[in-house]
Number of protein chains: 2
Amino acid sequence: MTTAEERETPPARRGGARRAELVALASRLFRERGYHGVGMRTLAEAADMQAASLYHHFRNKEELLLEAIFVVDRDLIADQLPILDGPGTHRERLVRLVRGHVRHIADNRDAWWVAARELRALSPDRFDEVQVYRRRYQHRIAQHLADGVRAGEFDCDDPRLVSLAILDMINGLNEWFDPAGRLTIDEIADRYASLAVRQLTP
Amino acid sequence: MTTAEERETPPARRGGARRAELVALASRLFRERGYHGVGMRTLAEAADMQAASLYHHFRNKEELLLEAIFVVDRDLIADQLPILDGPGTHRERLVRLVRGHVRHIADNRDAWWVAARELRALSPDRFDEVQVYRRRYQHRIAQHLADGVRAGEFDCDDPRLVSLAILDMINGLNEWFDPAGRLTIDEIADRYASLAVRQLTP
DNA sequence: GTCTATAGGGGGATAGAC
DNA sequence: GTCTATCCCCCTATAGAC
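Residues numbered from 1 in each chain as written. Chains lettered and ligands numbered in written order. Predicted model: local features only at pLDDT ≥ 70, side-chain atom pairs only at ≥ 80, totals over all residues. Heavy atoms only, no water.

## Quick look at the packing of aromatic side chains
What the rule picks out here adds up to 4 aromatic pairs over all chains. Pairing F30 of chain A with Y35 of chain A gives two aromatic rings, centres 5.1 Å apart and planes at 75°, and the pair type is edge-to-face. Its relative accessible area of 2% is what places F30 of chain A among the buried residues. Using a relative accessible area of 6% as the deciding quantity, one classes Y35 of chain A as buried. Taking 5.6 Å as the distance between ring centres and 85° as the angle between the ring planes, the aromatic pair formed by F70 of chain B and Y133 of chain B counts as edge-to-face. Pair noted here: F70 of chain B is in helix α5 (residues 61–84) and Y133 of chain B is in helix α8 (residues 124–150), with a separation of 63 residues, a long-range link. The buried category is assigned to F70 of chain B, whose relative accessible area is 3%. (Phe/Tyr/Trp six-rings, centres within 6.5 Å; stacked < 30°, edge-to-face > 60°. Buried < 20%, exposed > 50% of the residue type's maximum accessible area, 1.4 Å probe, protein only. Helix = DSSP H or I, 4+ residues; strand = E, 2+ residues; numbered from the N terminus.)

This is the structure:
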(Lines give C-alpha, C1' and ligand atoms only; values in the text may rest on other atoms or scores of the structure.)
Protein backbone atom coordinates (compact mmCIF):
# COMPACT_ATOMS: atom_id res chain seq x y z
CA MET A 1 0.00 0.00 0.00
CA THR A 2 1.04 3.55 -0.67
CA THR A 3 -0.17 6.68 1.01
CA ALA A 4 -2.14 9.31 -0.84
CA GLU A 5 0.88 11.58 -0.72
CA GLU A 6 3.13 9.01 -2.35
CA ARG A 7 0.61 8.40 -5.07
CA GLU A 8 0.67 12.02 -6.09
CA THR A 9 4.43 12.40 -6.16
CA PRO A 10 5.80 12.02 -9.67
CA PRO A 11 7.36 8.56 -9.91
CA ALA A 12 10.92 9.56 -10.69
CA ARG A 13 11.22 11.85 -7.69
CA ARG A 14 10.36 8.99 -5.37
CA GLY A 15 12.67 6.19 -4.36
CA GLY A 16 16.39 6.12 -4.53
CA ALA A 17 19.24 4.35 -6.23
CA ARG A 18 17.60 0.93 -6.03
CA ARG A 19 14.52 2.16 -7.83
CA ALA A 20 16.60 3.79 -10.57
CA GLU A 21 18.64 0.61 -10.98
CA LEU A 22 15.49 -1.43 -11.47
CA VAL A 23 14.17 1.04 -14.04
CA ALA A 24 17.46 0.91 -15.95
CA LEU A 25 17.37 -2.88 -15.87
CA ALA A 26 13.79 -2.92 -17.08
CA SER A 27 14.68 -0.52 -19.90
CA ARG A 28 17.39 -2.85 -21.11
CA LEU A 29 15.15 -5.89 -21.08
CA PHE A 30 12.21 -4.03 -22.65
CA ARG A 31 14.54 -2.90 -25.39
CA GLU A 32 15.83 -6.40 -26.03
CA ARG A 33 12.54 -8.29 -25.94
CA GLY A 34 9.78 -5.71 -25.93
CA TYR A 35 7.54 -4.65 -23.03
CA HIS A 36 5.05 -7.46 -23.51
CA GLY A 37 7.89 -9.86 -24.17
CA VAL A 38 9.38 -9.44 -20.69
CA GLY A 39 7.61 -10.94 -17.70
CA MET A 40 7.86 -9.85 -14.10
CA ARG A 41 9.55 -13.16 -13.34
CA THR A 42 12.24 -12.50 -15.95
CA LEU A 43 12.74 -9.01 -14.64
CA ALA A 44 12.98 -10.26 -11.07
CA GLU A 45 15.49 -12.95 -11.99
CA ALA A 46 17.71 -10.37 -13.69
CA ALA A 47 17.51 -8.27 -10.51
CA ASP A 48 18.25 -11.28 -8.28
CA MET A 49 14.94 -11.19 -6.51
CA GLN A 50 11.52 -12.79 -6.58
CA ALA A 51 8.73 -11.43 -8.73
CA ALA A 52 6.62 -10.56 -5.72
CA SER A 53 9.38 -8.34 -4.36
CA LEU A 54 9.15 -6.05 -7.37
CA TYR A 55 5.68 -5.07 -6.22
CA HIS A 56 7.20 -3.50 -3.15
CA HIS A 57 9.01 -1.01 -5.43
CA PHE A 58 6.41 -0.53 -8.16
CA ARG A 59 2.65 -0.67 -8.10
CA ASN A 60 2.54 -2.67 -11.31
CA LYS A 61 4.41 -3.42 -14.50
CA GLU A 62 3.17 -0.31 -16.24
CA GLU A 63 4.76 1.93 -13.62
CA LEU A 64 8.14 0.50 -14.62
CA LEU A 65 7.46 1.34 -18.25
CA LEU A 66 6.27 4.83 -17.43
CA GLU A 67 9.40 5.63 -15.45
CA ALA A 68 11.62 4.35 -18.22
CA ILE A 69 9.86 6.59 -20.71
CA PHE A 70 9.96 9.59 -18.38
CA VAL A 71 13.75 9.33 -18.26
CA VAL A 72 13.55 10.41 -21.87
CA ASP A 73 10.59 12.68 -22.27
CA ARG A 74 10.66 14.63 -19.04
CA ASP A 75 14.41 14.99 -18.69
CA LEU A 76 14.82 16.14 -22.27
CA ILE A 77 12.55 19.12 -21.71
CA ALA A 78 14.39 20.04 -18.54
CA ASP A 79 17.87 19.78 -20.03
CA GLN A 80 17.28 21.08 -23.51
CA LEU A 81 14.65 23.78 -23.68
CA PRO A 82 16.61 26.24 -21.53
CA ILE A 83 19.20 26.27 -24.31
CA LEU A 84 16.71 28.00 -26.61
CA ASP A 85 16.14 30.74 -24.05
CA GLY A 86 19.86 31.17 -23.48
CA PRO A 87 22.44 33.42 -25.15
CA GLY A 88 23.61 33.27 -28.75
CA THR A 89 22.18 33.65 -32.23
CA HIS A 90 19.26 31.48 -33.28
CA ARG A 91 21.68 29.41 -35.27
CA GLU A 92 24.06 28.92 -32.31
CA ARG A 93 21.24 27.92 -30.00
CA LEU A 94 19.91 25.42 -32.54
CA VAL A 95 23.36 23.89 -32.85
CA ARG A 96 23.63 23.49 -29.09
CA LEU A 97 20.16 21.95 -28.94
CA VAL A 98 20.88 19.38 -31.62
CA ARG A 99 24.20 18.41 -30.06
CA GLY A 100 22.60 18.06 -26.65
CA HIS A 101 19.77 16.00 -28.06
CA VAL A 102 22.15 13.62 -29.81
CA ARG A 103 24.18 13.16 -26.65
CA HIS A 104 21.06 12.58 -24.55
CA ILE A 105 20.12 9.72 -26.86
CA ALA A 106 23.62 8.27 -26.69
CA ASP A 107 23.60 8.49 -22.89
CA ASN A 108 20.18 6.83 -22.51
CA ARG A 109 19.97 4.45 -25.41
CA ASP A 110 17.80 1.80 -23.75
CA ALA A 111 15.29 4.30 -22.45
CA TRP A 112 15.10 6.05 -25.84
CA TRP A 113 14.53 2.75 -27.52
CA VAL A 114 11.68 1.94 -25.18
CA ALA A 115 10.20 5.44 -25.41
CA ALA A 116 10.16 5.17 -29.20
CA ARG A 117 8.57 1.75 -29.37
CA GLU A 118 6.45 1.09 -26.34
CA LEU A 119 4.59 4.34 -25.77
CA ARG A 120 1.40 2.70 -26.95
CA ALA A 121 1.68 0.04 -24.27
CA LEU A 122 0.78 2.69 -21.69
CA SER A 123 -2.80 3.18 -20.63
CA PRO A 124 -4.51 6.12 -22.36
CA ASP A 125 -4.02 8.48 -19.41
CA ARG A 126 -0.32 7.78 -19.12
CA PHE A 127 0.05 7.96 -22.87
CA ASP A 128 -1.44 11.44 -22.92
CA GLU A 129 0.78 12.52 -20.05
CA VAL A 130 3.90 11.64 -22.02
CA GLN A 131 2.57 13.16 -25.23
CA VAL A 132 2.23 16.50 -23.49
CA TYR A 133 5.99 16.57 -22.87
CA ARG A 134 6.76 15.38 -26.36
CA ARG A 135 4.61 18.01 -28.03
CA ARG A 136 5.91 20.77 -25.80
CA TYR A 137 9.44 20.00 -26.94
CA GLN A 138 8.54 19.90 -30.62
CA HIS A 139 6.39 23.02 -30.49
CA ARG A 140 9.10 24.97 -28.73
CA ILE A 141 11.57 24.04 -31.44
CA ALA A 142 9.11 25.00 -34.19
CA GLN A 143 8.74 28.31 -32.37
CA HIS A 144 12.50 28.78 -32.35
CA LEU A 145 12.66 28.20 -36.09
CA ALA A 146 9.86 30.69 -36.68
CA ASP A 147 11.64 33.22 -34.44
CA GLY A 148 14.81 32.73 -36.43
CA VAL A 149 12.95 33.36 -39.66
CA ARG A 150 11.51 36.62 -38.28
CA ALA A 151 14.99 37.62 -37.15
CA GLY A 152 16.15 37.14 -40.73
CA GLU A 153 18.53 34.41 -39.63
CA PHE A 154 16.70 31.36 -40.99
CA ASP A 155 14.99 30.56 -44.25
CA CYS A 156 12.10 28.17 -43.73
CA ASP A 157 8.71 27.90 -45.41
CA ASP A 158 7.17 25.59 -42.82
CA PRO A 159 8.75 25.64 -39.33
CA ARG A 160 6.31 23.05 -38.00
CA LEU A 161 7.18 20.52 -40.67
CA VAL A 162 10.90 21.22 -40.49
CA SER A 163 10.95 20.86 -36.72
CA LEU A 164 9.40 17.41 -37.11
CA ALA A 165 11.82 16.51 -39.90
CA ILE A 166 14.84 17.51 -37.81
CA LEU A 167 13.64 15.68 -34.71
CA ASP A 168 12.88 12.52 -36.68
CA MET A 169 16.31 12.70 -38.27
CA ILE A 170 17.96 12.88 -34.85
CA ASN A 171 15.79 10.32 -33.12
CA GLY A 172 16.42 7.82 -35.90
CA LEU A 173 20.08 7.56 -35.09
CA ASN A 174 19.43 5.33 -32.10
CA GLU A 175 18.48 2.62 -34.59
CA TRP A 176 21.86 2.41 -36.24
CA PHE A 177 24.35 4.15 -33.96
CA ASP A 178 27.17 1.83 -32.96
CA PRO A 179 29.57 3.10 -30.27
CA ALA A 180 32.28 1.01 -31.93
CA GLY A 181 31.40 2.28 -35.41
CA ARG A 182 32.99 4.61 -37.92
CA LEU A 183 31.93 7.84 -36.21
CA THR A 184 32.01 8.80 -32.53
CA ILE A 185 28.87 10.23 -31.03
CA ASP A 186 30.47 13.68 -30.89
CA GLU A 187 31.27 13.54 -34.59
CA ILE A 188 27.68 12.56 -35.31
CA ALA A 189 26.41 15.33 -33.05
CA ASP A 190 28.47 17.90 -34.96
CA ARG A 191 27.44 16.64 -38.37
CA TYR A 192 23.78 16.43 -37.43
CA ALA A 193 23.93 19.98 -36.11
CA SER A 194 25.33 21.03 -39.49
CA LEU A 195 22.59 19.16 -41.33
CA ALA A 196 19.94 20.87 -39.22
CA VAL A 197 21.45 24.28 -39.88
CA ARG A 198 21.65 23.49 -43.57
CA GLN A 199 17.88 23.05 -43.64
CA LEU A 200 17.53 26.63 -42.44
CA THR A 201 20.34 28.58 -44.04
CA PRO A 202 19.03 31.34 -46.31
CA MET B 1 1.26 -29.59 -43.67
CA THR B 2 3.06 -27.88 -46.52
CA THR B 3 5.05 -29.52 -49.26
CA ALA B 4 8.78 -28.95 -49.59
CA GLU B 5 8.13 -26.77 -52.60
CA GLU B 6 5.74 -24.53 -50.72
CA ARG B 7 8.15 -24.20 -47.85
CA GLU B 8 10.83 -22.82 -50.14
CA THR B 9 8.60 -20.30 -51.88
CA PRO B 10 8.92 -16.83 -50.36
CA PRO B 11 5.90 -16.28 -48.10
CA ALA B 12 4.30 -13.40 -49.95
CA ARG B 13 4.24 -15.20 -53.26
CA ARG B 14 2.21 -18.02 -51.73
CA GLY B 15 -1.46 -17.96 -50.94
CA GLY B 16 -4.05 -15.60 -52.28
CA ALA B 17 -6.37 -12.85 -51.24
CA ARG B 18 -7.35 -14.53 -47.98
CA ARG B 19 -3.75 -14.76 -46.86
CA ALA B 20 -3.11 -11.10 -47.70
CA GLU B 21 -6.26 -10.08 -45.83
CA LEU B 22 -5.08 -11.90 -42.74
CA VAL B 23 -1.66 -10.27 -42.94
CA ALA B 24 -3.24 -6.83 -43.27
CA LEU B 25 -5.49 -7.54 -40.30
CA ALA B 26 -2.55 -8.74 -38.25
CA SER B 27 -0.58 -5.61 -39.18
CA ARG B 28 -3.35 -3.41 -37.89
CA LEU B 29 -3.64 -5.25 -34.60
CA PHE B 30 0.13 -5.49 -34.12
CA ARG B 31 0.32 -1.76 -34.67
CA GLU B 32 -2.40 -1.05 -32.14
CA ARG B 33 -1.30 -3.38 -29.38
CA GLY B 34 2.16 -4.64 -30.30
CA TYR B 35 3.17 -8.06 -31.57
CA HIS B 36 3.37 -9.66 -28.14
CA GLY B 37 0.25 -7.81 -27.09
CA VAL B 38 -1.93 -9.55 -29.65
CA GLY B 39 -2.77 -13.21 -29.13
CA MET B 40 -3.79 -15.71 -31.77
CA ARG B 41 -7.26 -15.77 -30.21
CA THR B 42 -7.64 -12.02 -30.65
CA LEU B 43 -6.42 -12.25 -34.20
CA ALA B 44 -8.78 -15.12 -34.95
CA GLU B 45 -11.75 -13.33 -33.44
CA ALA B 46 -11.08 -10.26 -35.59
CA ALA B 47 -10.98 -12.54 -38.62
CA ASP B 48 -14.17 -14.36 -37.58
CA MET B 49 -12.53 -17.69 -37.11
CA GLN B 50 -11.07 -19.90 -34.42
CA ALA B 51 -7.46 -19.63 -33.36
CA ALA B 52 -6.69 -23.12 -34.58
CA SER B 53 -7.84 -22.23 -38.10
CA LEU B 54 -5.10 -19.64 -38.41
CA TYR B 55 -2.58 -22.44 -38.32
CA HIS B 56 -3.94 -23.71 -41.60
CA HIS B 57 -2.80 -20.46 -43.25
CA PHE B 58 0.40 -19.76 -41.31
CA ARG B 59 2.90 -22.11 -39.74
CA ASN B 60 3.08 -19.98 -36.61
CA LYS B 61 2.63 -16.48 -35.28
CA GLU B 62 6.05 -15.36 -36.39
CA GLU B 63 5.22 -16.09 -40.03
CA LEU B 64 2.43 -13.52 -39.81
CA LEU B 65 4.87 -10.95 -38.49
CA LEU B 66 7.45 -11.74 -41.13
CA GLU B 67 4.96 -11.29 -43.95
CA ALA B 68 3.78 -7.98 -42.55
CA ILE B 69 7.35 -6.75 -42.44
CA PHE B 70 8.13 -8.04 -45.92
CA VAL B 71 5.31 -5.90 -47.31
CA VAL B 72 7.55 -3.01 -46.37
CA ASP B 73 11.11 -4.10 -46.77
CA ARG B 74 10.91 -6.29 -49.84
CA ASP B 75 8.39 -4.25 -51.82
CA LEU B 76 10.24 -1.01 -51.21
CA ILE B 77 13.37 -2.34 -52.88
CA ALA B 78 11.37 -3.58 -55.85
CA ASP B 79 9.41 -0.37 -56.35
CA GLN B 80 12.00 2.22 -55.49
CA LEU B 81 15.50 1.22 -56.45
CA PRO B 82 14.76 1.09 -60.20
CA ILE B 83 14.11 4.83 -59.97
CA LEU B 84 17.78 5.44 -59.23
CA ASP B 85 18.79 3.51 -62.36
CA GLY B 86 16.25 5.38 -64.47
CA PRO B 87 16.50 8.60 -66.47
CA GLY B 88 17.03 12.11 -65.15
CA THR B 89 19.66 14.04 -63.24
CA HIS B 90 20.80 12.77 -59.86
CA ARG B 91 18.66 15.45 -58.28
CA GLU B 92 15.55 14.46 -60.25
CA ARG B 93 15.97 10.80 -59.41
CA LEU B 94 16.42 11.60 -55.72
CA VAL B 95 13.24 13.66 -55.76
CA ARG B 96 11.30 10.80 -57.33
CA LEU B 97 12.72 8.36 -54.80
CA VAL B 98 11.75 10.49 -51.80
CA ARG B 99 8.25 11.08 -53.11
CA GLY B 100 7.76 7.38 -53.80
CA HIS B 101 9.07 6.46 -50.36
CA VAL B 102 6.71 8.88 -48.63
CA ARG B 103 3.75 7.53 -50.58
CA HIS B 104 4.71 3.94 -49.86
CA ILE B 105 4.58 4.73 -46.15
CA ALA B 106 1.22 6.45 -46.50
CA ASP B 107 -0.17 3.48 -48.44
CA ASN B 108 1.05 0.88 -45.94
CA ARG B 109 0.96 2.65 -42.62
CA ASP B 110 0.20 -0.37 -40.44
CA ALA B 111 2.91 -2.48 -41.99
CA TRP B 112 5.46 0.33 -41.71
CA TRP B 113 4.56 0.78 -38.08
CA VAL B 114 5.10 -2.88 -37.40
CA ALA B 115 8.31 -3.02 -39.45
CA ALA B 116 9.71 -0.12 -37.45
CA ARG B 117 8.83 -1.50 -34.02
CA GLU B 118 8.69 -5.24 -34.09
CA LEU B 119 11.68 -6.27 -36.16
CA ARG B 120 13.39 -7.53 -33.01
CA ALA B 121 10.51 -9.88 -32.31
CA LEU B 122 11.69 -12.02 -35.22
CA SER B 123 14.03 -14.94 -34.65
CA PRO B 124 17.67 -14.11 -35.45
CA ASP B 125 17.56 -15.76 -38.89
CA ARG B 126 14.47 -13.88 -39.98
CA PHE B 127 15.81 -10.68 -38.51
CA ASP B 128 18.97 -11.00 -40.61
CA GLU B 129 16.91 -11.73 -43.70
CA VAL B 130 15.03 -8.46 -43.35
CA GLN B 131 18.14 -6.48 -42.49
CA VAL B 132 19.67 -7.52 -45.81
CA TYR B 133 16.85 -5.75 -47.66
CA ARG B 134 17.01 -2.74 -45.41
CA ARG B 135 20.75 -2.30 -45.82
CA ARG B 136 20.59 -2.81 -49.56
CA TYR B 137 18.15 0.06 -49.86
CA GLN B 138 20.21 2.41 -47.69
CA HIS B 139 23.50 1.52 -49.33
CA ARG B 140 22.10 2.07 -52.80
CA ILE B 141 20.92 5.53 -51.78
CA ALA B 142 24.30 6.36 -50.25
CA GLN B 143 25.81 5.26 -53.56
CA HIS B 144 23.48 7.56 -55.45
CA LEU B 145 24.54 10.50 -53.29
CA ALA B 146 28.20 9.70 -53.85
CA ASP B 147 27.57 9.41 -57.60
CA GLY B 148 25.89 12.80 -57.56
CA VAL B 149 28.88 14.33 -55.78
CA ARG B 150 31.26 12.90 -58.40
CA ALA B 151 29.00 14.26 -61.13
CA GLY B 152 29.34 17.69 -59.54
CA GLU B 153 25.61 17.81 -58.88
CA PHE B 154 25.60 17.29 -55.11
CA ASP B 155 27.61 18.69 -52.23
CA CYS B 156 27.99 16.15 -49.43
CA ASP B 157 30.85 15.39 -47.06
CA ASP B 158 29.47 12.08 -45.86
CA PRO B 159 27.00 10.30 -48.17
CA ARG B 160 26.61 7.37 -45.79
CA LEU B 161 25.56 9.57 -42.90
CA VAL B 162 23.34 11.77 -45.03
CA SER B 163 21.56 8.77 -46.54
CA LEU B 164 20.73 7.60 -43.02
CA ALA B 165 19.64 11.08 -41.98
CA ILE B 166 17.31 11.42 -44.97
CA LEU B 167 15.80 7.97 -44.51
CA ASP B 168 15.23 8.54 -40.79
CA MET B 169 13.59 11.87 -41.56
CA ILE B 170 11.19 10.21 -43.99
CA ASN B 171 10.45 7.14 -41.91
CA GLY B 172 9.65 9.28 -38.91
CA LEU B 173 6.62 10.81 -40.55
CA ASN B 174 4.56 7.71 -39.95
CA GLU B 175 4.60 8.65 -36.27
CA TRP B 176 2.78 11.92 -36.69
CA PHE B 177 1.18 11.92 -40.14
CA ASP B 178 -2.55 12.44 -39.93
CA PRO B 179 -4.54 11.96 -43.16
CA ALA B 180 -6.98 14.53 -41.82
CA GLY B 181 -4.23 16.94 -40.85
CA ARG B 182 -2.92 20.25 -42.13
CA LEU B 183 -0.94 18.80 -45.04
CA THR B 184 -1.90 16.13 -47.56
CA ILE B 185 0.53 13.30 -48.12
CA ASP B 186 1.41 14.71 -51.54
CA GLU B 187 2.28 18.06 -50.00
CA ILE B 188 4.45 16.33 -47.45
CA ALA B 189 6.07 14.25 -50.19
CA ASP B 190 6.95 17.40 -52.13
CA ARG B 191 8.30 19.25 -49.11
CA TYR B 192 10.33 16.30 -47.91
CA ALA B 193 11.79 15.94 -51.39
CA SER B 194 12.84 19.59 -51.19
CA LEU B 195 14.36 19.09 -47.75
CA ALA B 196 16.36 16.12 -49.00
CA VAL B 197 17.61 18.10 -51.99
CA ARG B 198 18.51 20.98 -49.72
CA GLN B 199 20.88 18.70 -47.80
CA LEU B 200 22.77 18.14 -51.04
CA THR B 201 22.63 21.40 -52.95
CA PRO B 202 26.11 22.85 -53.53
C1' DG C 1 -10.66 -25.12 -44.33
C1' DT C 2 -12.79 -24.83 -40.21
C1' DC C 3 -14.14 -26.66 -36.01
C1' DT C 4 -13.82 -28.42 -30.65
C1' DA C 5 -10.91 -29.73 -27.19
C1' DT C 6 -6.84 -29.61 -24.85
C1' DA C 7 -1.93 -29.84 -23.81
C1' DG C 8 1.70 -27.46 -21.44
C1' DG C 9 3.51 -23.37 -20.08
C1' DG C 10 3.81 -18.49 -18.74
C1' DG C 11 1.35 -14.10 -17.68
C1' DG C 12 0.33 -10.27 -13.76
C1' DA C 13 -0.73 -9.82 -9.32
C1' DT C 14 -1.79 -10.80 -4.18
C1' DA C 15 -1.62 -12.85 0.76
C1' DG C 16 0.75 -13.29 4.50
C1' DA C 17 5.08 -15.11 6.94
C1' DC C 18 9.53 -13.42 8.40
C1' DG D 1 12.15 -5.54 1.94
C1' DT D 2 12.20 -10.07 0.60
C1' DC D 3 10.35 -14.46 0.65
C1' DT D 4 7.01 -18.81 -0.57
C1' DA D 5 2.79 -20.13 -2.28
C1' DT D 6 -0.92 -19.47 -5.01
C1' DC D 7 -4.96 -17.51 -7.85
C1' DC D 8 -6.87 -17.14 -12.21
C1' DC D 9 -6.21 -16.03 -16.73
C1' DC D 10 -4.12 -16.07 -21.33
C1' DC D 11 -0.50 -17.81 -24.30
C1' DT D 12 1.11 -20.73 -28.61
C1' DA D 13 0.39 -24.75 -30.75
C1' DT D 14 -1.42 -29.46 -31.82
C1' DA D 15 -4.78 -33.54 -32.44
C1' DG D 16 -8.27 -35.15 -34.79
C1' DA D 17 -13.38 -34.83 -36.22
C1' DC D 18 -16.13 -33.03 -39.99
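From this point, the discussion proceeds with the structure in view.
## Digging into α5 of chain B
Residues and elements named next belong to chain B. Over its 24 residues, α5 runs 36 Å from end to end, which matches the ideal 34 Å to within 8%, given 1.5 Å per residue. Of all bends in α5, the biggest is about 40°, found at F70. Among the 24 residues in α5, 18 count as buried, and that is most of the element. N-cap assignment for α5: the residue whose side-chain oxygen lies 3.3 Å from the backbone N of E62 is N60. (Expected span 1.5 Å × (residues − 1). Bend = angle between axes of the 7 residues up to and from the residue. Polar contact = N/O pair within 3.5 Å; in protein donor to acceptor, adjacent residues only side chain to side chain.)

## So, the UniProt feature "DNA-binding region" (unreviewed entry) in chain A
What UniProt calls "DNA-binding region" (unreviewed entry) maps, in this numbering, to residues 39–58 of chain A. With 70% helix and 0% strand, the stretch residues 39–58 of chain A has end C-alpha atoms that lie 14 Å from each other. (UniProt positions renumbered as here; feature names shortened; annotations may be inferred.)

## Section: the protein's contact with DNA strand C
Around DNA strand C sit 14 residues in total, of which M40, R41 and K61 of chain A together with Q50 and S53 of chain B are the nearest. One of the side-chain N or O atoms of K61 of chain A is found 2.7 Å from a phosphate oxygen in DNA strand C. In the environment of DNA strand C, a phosphate oxygen lies 2.8 Å from a nitrogen or oxygen atom belonging to the side chain of H57 of chain B. Those elements giving two or more residues to the surface near DNA strand C turn out to be α3 (40–46) and α4 (51–57) of chain A together with α4 (51–57) of chain B. With 4 residues, the top contributor of residues to the surface near DNA strand C is α4 of chain B. Classifying every residue of the surface near DNA strand C gives 6 nonpolar, 6 polar and 2 charged. (Near = heavy atom within 4 Å. Nonpolar A, V, L, I, M, F, W, Y, C, P; charged D, E, K, R; others polar.)

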